[in-house]
Amino acid sequence: MAVASTNSAHKSASTFGFASLIETVKTRIARYRVYRQTVNELSELSDRELADLGLHRSMIRRLAMQAAEEQFAR
């Protein structure tokens, strides 16, 4: 009987690991979507509009990464 309980414990642990993997993938996809949306929106702005915001075009990717990380750090 000890073998049966060991197998069921192993099965539930692997199921939890798979569920955790799925959640990680979902989070990464959602984070990437936020990143891409931010990059796209900021890239559409003119240099003048970016300057009005105190930004430079070279800052767009870094700011998008920060935005994505902040949204999912909560």
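Here, every reference points to the structure presented above.
Cut-off values and rules
Residues numbered from 1 in each chain as written. Predicted model: local features only at pLDDT ≥ 70, side-chain atom pairs only at ≥ 80, totals over all residues. Heavy atoms only, no water. Helix = DSSP H or I, 4+ residues; strand = E, 2+ residues; numbered from the N terminus. Buried < 20%, exposed > 50% of the residue type's maximum accessible area, 1.4 Å probe, protein only. Contact = heavy atoms within 4.5 Å. Areas by Shrake-Rupley, 256 points an atom, 1.4 Å probe, with all protein chains shown as cover. Core = buried A, V, L, I, M, F, W, Y, C linked by side-chain atoms within 4.5 Å. Salt bridge = Lys/Arg side-chain N within 4 Å of Asp/Glu carboxyl O. Expected span 1.5 Å × (residues − 1). Arc of directions from axis to C-beta.

Quick notes on the overall build of the chain
Looking only at helices and strands, the chain features three helices and zero strands. Listing each helix as α and each strand as β along the chain from the N terminus yields α-α-α. Across the 74 residues of the chain, 12% fall into the buried class. A fraction of 50% describes how many contacts in the chain between residues 6 or more apart in sequence connect residues 24 or more apart. For the chain, the computed accessible surface area is about 6,100 Å², with 57% contributed by carbon and sulfur atoms.

What to know about the nonpolar core
Formed by Val 34, Tyr 35, Val 39, Leu 42, Leu 50, Ile 60, Ala 64 and Ala 68, the largest nonpolar core amounts to eight residues. Take this core: its biggest share by element is four residues, from helix H1 (residues 2–43).

Regarding the pattern of salt bridges
What the rule picks out here adds up to three salt bridges. The partner of Asp 52 in a salt bridge is Arg 48, with the nearest N and O atoms 3.5 Å apart. Taken together, the residues span about one helical turn, with Asp 52 and Arg 48 both in helix H2 (residues 47–52) at a distance of four residues. In terms of burial, Asp 52 and Arg 48 fall into one category: exposed.

Here we look at helix H3 (residues 60–73)
Along its 14 residues, H3 runs 20 Å from first to last C-alpha, staying within 8% of the 20 Å computed at 1.5 Å per residue. Those residues of H3 that sit buried are Ile 60, Ala 64 and Ala 68. For H3, the arc enclosing every buried residue in end-on projection is 70°, short of the 170-degree limit, so these residues lie on one face. Those residues of H3 that are exposed and angled more than 90 degrees off the buried face are Glu 70 and Ala 73.

Some remarks on the environment of Gln 66
Relative to the helices and strands, Gln 66 is located in helix H3. Accessibility expressed as a relative area gives 35% for Gln 66, which makes it partly exposed. In the structure, Gln 66 is positioned 31 residues away from Tyr 35 in sequence and 8.4 Å away in space, judged by C-alpha atoms.

Such coordinate-based values are descriptive only and should not be taken to indicate function.
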